[in-house]
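Reading the structure
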Amino acid sequence: MSLQSFRLSIRFILPLALALGLFAYAVVPLVDDMTLRWFVRDLDARSQMVSSALQEPLQEYVPRGEDRRIAQLLDRSVQEGRLSSLAFCSPQGTLVYKTLGYPDALGCPPSNYTQPMRQSLITLPRGVRIHVTESTLRNGAQYLGKLILVHDMSYIERRSADAKKYVIALFALLAVVVSLITVFVAHLSWRGWINSMRRLLRPSVNASPAQNANAPPEVQPLVSDLRALLHEYNVERRSQENSAAVWNADKLRALLHDELAGDEVLVVSNREPYIHTRTANGIEVRRPASGLVTAVEPVMRACSGTWIAHGAGSADRETVDDHDRVPVPPKNPAYTLRRVWLTKEEEQGYYYGFANEGLWPLCHIAHVRPVFRSSDWDEYVKVNQRFADAVIAEAHTEDPVVLVQDYHFALLPRMVREKLPRATIIMFWHIPWPNPESFGICPWREEILEGLLGNTLLGFHTPFHCKNFLETVDRYLETRIEHEASTISYGGDLTQVEPYPISIAWPEEPYAETIEQSRESVRRELGLPRDHLMAIGVDRLDYTKGILERLQAVERMLELHPSMAGRFTMVQIAAPSRTSLEEYQNLEARVRALAQRVNLKYGASGIDPIVLKIEHYESDQVMRYYRAADVCVVTSLHDGMNLVAKEFIASRDDERGVLILSQFTGAARELHEALIINPYHVEQGADALYRALTMPEMEQRERMRSMRSLVRDFNVYRWAGRMLLDAARLRRRERITAKIHSHSRRSLRRVM
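Residues numbered from 1 in each chain as written. Predicted model: local features only at pLDDT ≥ 70, side-chain atom pairs only at ≥ 80, totals over all residues. Heavy atoms only, no water.

Quick notes on the overall build of the chain
Looking only at helices and strands, one finds 22 helices and 23 strands in the chain. Residue burial in the chain is summarised as follows: out of 752 residues, 51% are buried. Long-range contacts, defined here as pairs at least 24 residues apart, represent 72% of the contacts in the chain between residues at least 6 apart. (Helix = DSSP H or I, 4+ residues; strand = E, 2+ residues; numbered from the N terminus. Buried < 20%, exposed > 50% of the residue type's maximum accessible area, 1.4 Å probe, protein only. Contact = heavy atoms within 4.5 Å.)

Quick look at the sheet that holds strand S3 (residues 117-123)
Spatial ordering of the open sheet is given by S2-S1-S5-S4-S3, a layout of 5 strands whose pairing is antiparallel. The open sheet terminates on both sides in strands that have one partner only, identified here as strand S2 (95-98) and S3. Each neighbouring strand pair of the sheet contributes to a mean axis angle of 20°, computed without reference to strand direction. Pairing geometry for strand S4 (residues 129-139) and strand S5 (residues 142-152), over 10 bridges, is antiparallel. Counterpart to Asn139 in the pairing with S5 is Gln142. (Pairing = 2+ DSSP bridges. Axes fitted to C-alpha atoms, helices over the stretch in contact; angles between N-to-C directions.)

Here's the deal with the sheet that holds strand S20 (residues 610-613)
Neighbouring strands of a sheet are bound in pairs by backbone hydrogen bonds; such pairs are parallel or else antiparallel. Taken in spatial order, the 6 strands of this open sheet run S20-S19-S18-S21-S22-S23, and their pairing is parallel. In this open sheet, the two edge strands, each paired with only one partner strand, are S20 and strand S23 (675-677). Pairs of neighbouring strands in the sheet enclose a mean axial angle of 20°, with direction left out of account. With 4 bridges joining them, strand S21 (residues 631-634) and strand S22 (residues 658-662) adopt parallel strand pairing. Within S22, the position partnered with Val633 by the bridge is Ile660. Strands in contact with helix H15 (residues 515-526) are strand S18 (533-540), strand S19 (568-575) and S20; relative to S18, the strand with the most contacts, it is inclined by about 80°.

A closer look at empty space enclosed by the protein
Per the stated rule, a full pass over the model turns up 5 cavities of 30 Å³ or more. Considering only enclosed or pocket space, the second largest cavity measures out at about 60 Å³ in volume. Forming the walls of the second largest cavity are Arg550, Ala553, Val554, Val633, Thr635, Ile660, Ile677, Gly685 and Leu689. Among the elements of the structure, helix H16 (547-560) and helix H20 (682-693) are those that each provide at least two residues to the lining of the second largest cavity. Sort the elements by how many residues they give to the lining of the second largest cavity and H16 lands first, with 3 residues. For the lining of the second largest cavity, a count of residues per class yields 6 nonpolar, 2 polar and 1 charged. (1 Å grid on protein atoms, 1.4 Å probe; cavity = no way out; pocket = protein on both sides within 12 Å on 5 of 7 lines; lining within 4 Å. Points joined across faces, edges and corners; volume = space filled by probe spheres on them. Nonpolar A, V, L, I, M, F, W, Y, C, P; charged D, E, K, R; others polar.)

Re the confidence of the model for the chain
Taken residue by residue, the chain gives an average pLDDT of 84. The fraction at 70 or more is 85%. Within the chain, the element-level pLDDT minimum falls on helix H5 (residues 209-213), averaging 46, and the maximum on S21, averaging 98. Low pLDDT, under 50, characterises residues 201-213; the predicted model gives this stretch 12 contacts beyond four residues in sequence or across chains. Contacts for the low-pLDDT stretch residues 237-244, under 50 throughout, to residues beyond four places or in other chains number 5 contacts. (pLDDT = per-residue confidence, 0-100.)

Description of unusual backbone geometry
Across the junction of Val328 and Pro329, the peptide omega takes the value -5°, indicating a cis bond. Relative to the elements of secondary structure, Pro329 occurs in the loop between strand S10 (325-328) and strand S11 (335-340). Of note, the phi angle at Ser486 is positive, near 60°, even though the residue is not glycine. Along the chain, Ser486 turns up in the loop between strand S15 (480-482) and strand S16 (487-490). For Ser486, a relative accessible area of 10% puts it in the buried group. A positive phi angle, close to 60°, is found at Glu655, a residue other than glycine. Within the secondary structure, Glu655 sits in the loop between helix H19 (644-651) and S22. For Glu655, a relative accessible area of 22% corresponds to the partly exposed category.

Observations concerning the pairing of strand S9 (residues 306-310)
With 5 of 5 residues buried, S9 lies mostly within the body of the structure. In terms of strand pairing, strand S6 (residues 265-268) meets S9 through 3 bridges, oriented parallel. Among the inter-strand pairings, Val267 is bridged to a residue of S9, identified as Trp307. Where S9 lies against S11, 5 bridges are found, and the strand directions are parallel.

Regarding the packing of aromatic side chains
One pass over the full model with this rule turns up 24 aromatic pairs. Relative to Tyr352, the ring of Tyr351 has its centre 4.9 Å away and its plane inclined at 85°; by these criteria the two rings are edge-to-face. Of the residues examined, Tyr351 reaches a relative accessible area of 9% and is grouped as buried. Summarising the aromatic geometry, the rings of Tyr626 and Phe648 are spaced 6.1 Å apart at their centres and angled 70° between planes, so their arrangement reads as edge-to-face. One end of the pair, Tyr626, is in helix H18 (residues 619-628); the other, Phe648, is in helix H19, and 22 residues separate them in sequence. For the pair Tyr626 and Phe648, one class covers both residues: buried. One aromatic cluster in this structure is built from Tyr350, Tyr351, Tyr352, Phe354, Phe372, Trp377, Tyr380, Phe387, Phe409 and Trp444. We note Arg718 situated over the ring of Phe714; from NZ or CZ to the ring centre the distance is 4.2 Å. (Phe/Tyr/Trp six-rings, centres within 6.5 Å; stacked < 30°, edge-to-face > 60°. Lys NZ or Arg CZ within 6 Å of the ring centre and 35° of its normal.)

What follows is the structure in structure tokens.
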């Protein structure tokens, strides 16, 4: 560039930079004011939501003078609602209840009986600003008092100050970038190119080929990509419009056809969906007791792909073809099961050793010490590579969709990525993810994290688990993390981390028996009277499921309510699991001993209060017990989701029955109408059990109707559809971005 051109550029840049500076000086106060209004509106909405939620319980507690419950309710609301403090004023204007941190200077503001809700900003002594919402509490025509909600606005002021800095920095950067780009474009006369782009974007997606042909050569390669972006926008808009519609297998197939047309779908899991076993009556097929199988198997029926799993059944080898494949389900094949064979040493080290003596207790806060051995890790790496090779062998295209399931295959995504870089790899972690300090116990933490960051999309049950994972990666790997977008950039690959609460397939076929028939037949099988009260628990025999705590709650309930002896039975179905591990053997012995003790102590008229069934049950048999029970008890000490709770709800087409649910399950974050308990608190579990057994039918129906609606709408097809749709968008954006960058570089070289 000549000296004259440089001077001309400076003359052009300086006025532009000055104009942007003046504009920034004028805009910053407006942005500050607008930011404050946004935050205040957010506080208004949040306060109204919390106030509405508290109205009903306070209408019940205040007239009764239940001080303890009111105090507990206010304290809990402060914790869950992100409030600074809460208070309740009597009709006479006296401060009756308040939480910690409630400003003494605020007291009880004068009442306005005609205005149900009033919101204001108040400045306290020392310049502290607070947001105050006054909500009138009425019970019909009776005025009960006033609820006062307080938000501390100091964080808003801090964010406003940060926003000012960011706006100023943005304008400074914008001045430099815009000036350089403008000078560059002016010198190279790109006006014609820009006008062509405008003409190209103005027509609709149905623009004719003639219109596209008039575009400059630099633009023509982008026409199809721009159309794809517009198509993506329309798809997202349609998905939002149809979000209220019920998801089913047909809708999932339509999504796969529209978004992943021509793509093959491969599922990888340790547990196979169907097991062939040799019995005295020949070869029999059964489905294992597994939440993973319950969730993923309906998805595979819908997408007709290939499921790669460990073949562990005694007759599995006899039922596959020469390529270790077998069509499933047996009666109506819908997809292919590809089995991978492991030696006893490999299974012992990879599955029982590293996965279930190491990762399982590490991720579950169940007070069982994880065990890590180098020999187990070596087998884990070897088996992950074996399954990765199977995925590569089964993939018939360069860009398959691979759905990896659970903690058994933390290394597999990176292994597949190295061989199939264009594959869309989606992994769902079915168990909780611990905090960084807990995960740091694992000697191979970096290798596991690197393997997981080979995924295109990594899903967890809850936002809390996603947050733990992002913090763990930030602690132990050098990566670029965008917390707001929930993305991790590592080694040139981008991984999206999202919560996808898993669910079940909503039953579409009518049940073989009515509720009354199931109640009568199950009680007859168990030798119980027809009007006998019955609770059901369905779990794998695992120390994370809280089976011991559940039986202790039954014992305590019988101690507190002796009249229930002889009228109530707890049926516990516990499928044997990992029986070769000492911890699981000890657990079974303790469960049997506790059940025997309770039965000896409270058995009456030949009826045991606990019926223990440590055996495998088919899904249709379990469904009969769900429909026959009065109560379903889920007391997991730590669980990713727990689908037993949702299966029980789906089975109750009579809208009766009560669900007791541990607060440490992911399901507790969705099923608020269940009786939520702390399973470690034995008395709380006993009280919940007695309340469930004596709950009026009307209350049962109200609770069950609400939970059934949620489980029906947010079913497994919606779970899978959200993941597949997000993965399709990510893949499409990556391809379009890569093409746009490539074409832009090409165009720039031509112009220069």
